[in-house]
Amino acid sequence: MNKKTRNLISIRDITREDLEAMLALGQRIMECPGEYKDVCRGKKLATLFFESSTRTRLSFEAAMIELGGNVLGFSSADSSSAAKGESVSDTVRTVSFYADIIAMRHPKEGAPKAACTRAEVPVINAGDGGHFHPTQTLTDLLTIKTEKGRLGDMVIGLCGDLCFGRTVHSLIEAMSEYLGNEFILISPEELRAPDYIRMILDKSGCPWREVRKMEEVMDDLDVLYMTRVQRERFFNEEDYARLKDTYILDAEKLIPAKPDLCIMHPLPRVNEISVVVDDDPRACYFRQALCGKYIRMALIMTLLGLEKEMRR
Amino acid sequence: MNVDGIKKGIVLDHIKAGRGMDIYRLLHLEKMKCSVAIVQNARSTKYGRKDIIKIDEMITLDMDMLGYIDPNITINIVENGKLYEKKNLELPEKLTNVIRCHNPRCITSTEQEIKHTFLLADRENRIYRCIYCDVAHKEQMVYY
């Protein structure tokens, strides 16, 4: 974590040591949430969501409330001064006077980075367009650590929209730091991972390959990370309609899969995972959403410097 | 162009042939009150042909911009009619307001006050990435 500014813009802002500490704190909170119910008493979290969200915003708000703090903010650009043409920097500068920490989602890539140059309080990137979504990555890492008991020595399949799917970009970056991981990128040609992600994989030394069909690799996987083809990332409806149902995970496709496969999805899901799979014990995506609340509690505490007080 | 012809000023030498006018415009030399000379397609033992710009006054140069456009340029500082200092350029690590990010999804496309800032990601292939959206910009994309 950047000690001076204590923002979380990209998963790159977190050192391996800080990441391990935050995951450990998340697991402790998960085990004994009651011990943390007053940690943020008197503190306020501003949720500035210039783009709509259900899980991320609510999990941030639930996290702060469970820590004993309060929340304020808006859930769409229409209900903020952005609709009047106010810049992100001005909005954030103003909100800095009202809150102790800011969680911000914006459709433009790099908006939270631009915002934190003007903010007086820690800024958390809660998703910036198709770019980064570091708190989803923290959620994913806590889920994998909880479900599998480790973060290395795994074959990780990422399936669907790997081009605009920001969650997979950050997850690949984070998981490529751990020894023994292999990545299989499953996507249609039009939704391949961007060049900088492929460059990160090359530099990491982790083996990786691209395939077009999930059936080809199902029996190899320890983790299968499904993603939704996001309508809001397309400039034309035709392309979206053509690509949206490229991958649908169902019970039949899971037949050759390992018995301890961890099936993940950042949610919301549309058609890419059949509801039949929900009853499969390997389906972790709703438990993953719960992990999201606990890791955000750990993150808020860390950025506010309150995790040290708990250790005293 | 004879360096001895200047009393106090700057000579930009070894400009890639054909780029002299671009650099003239980007340095806003048309606004200078002093004499400015451009020599195009001069003979060069090093590069075959080259452009040269002579500025008859000491000015502050945007070294990052020059380094980005043509890292082979040599900057000769002339004092009292003599070569006082010779500076060689290299690709800068950081570019601020030299090139514009062309990604329509980047925050820089809508917020006017944000400086277009890039970091050198790959020196060998001259690839810069926008610090906001990470999109790669190869050499000679859109100038600021």
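Novice: Honestly, the sheet that holds strand β9 (residues 262–264) of chain A in this entry has me stumped. Any pointers?
Specialist: To summarise the sheet geometry, strands pair through backbone hydrogen bonds and adopt either a parallel or an antiparallel arrangement. All names here are of chain A. Sheet architecture is open: 5 strands sit in the order β7-β6-β5-β8-β9, paired in parallel fashion. In this open sheet, the two strands that pair with only one neighbour each are β7 (208–211) and β9. Put simply, the sheet's adjacent strands are angled 15° from each other on average, direction ignored. Pairing of strand β5 (residues 155–159) with strand β6 (residues 182–186), which is carried by 5 bridges, proceeds in the parallel orientation. Pairing of Leu158 across the sheet is with Leu185, part of β6. Each of β8 (223–226) and β9 touches helix α5 (residues 134–148); the most contacted strand, β9, lies at about 160° to it. Across the sheet, helix α6 (residues 166–175) lies against β5, β6 and β8, angled at about 165° from β5, the strand it touches most.

Novice: How should I be thinking about the interface of chain B and chain A in this particular structure?
Specialist: Accessible area lost during the coming together of the parts is what is often quoted as the interface size. In this complex, chain B contributes 13 residues to the contact, which on the side of chain A involves 14 residues. Looking at side-chain class alone, the side of chain B that touches chain A contains 7 nonpolar, 2 polar and 4 charged residues.

Novice: Looking at this structure, how should I read the environment of Ala257 of chain A?
Specialist: All names here are of chain A. By secondary structure assignment, the location of Ala257 is in the loop between α8 (237–243) and β9. The buried category is assigned to Ala257, around which 21 C-beta atoms lie within 10 Å. Residues Ala257 and Glu215 lie 42 residues apart in sequence; the distance between their C-alpha atoms is 9.5 Å. Beyond its immediate chain neighbours, meaning those up to four positions away, Ala257 contacts Met218, Asp219 and Leu221.

Parameters at a glance
- Residues numbered from 1 in each chain as written.
- Chains lettered and ligands numbered in written order.
- Predicted model: local features only at pLDDT ≥ 70, side-chain atom pairs only at ≥ 80, totals over all residues.
- Pairing = 2+ DSSP bridges.
- Helix = DSSP H or I, 4+ residues; strand = E, 2+ residues; numbered from the N terminus.
- Axes fitted to C-alpha atoms, helices over the stretch in contact; angles between N-to-C directions.
- Contact = placed C-beta atoms within 7 Å.
- Nonpolar A, V, L, I, M, F, W, Y, C, P; charged D, E, K, R; others polar.
- Buried ≥ 20, exposed ≤ 12 C-beta atoms within 10 Å, placed from the backbone.

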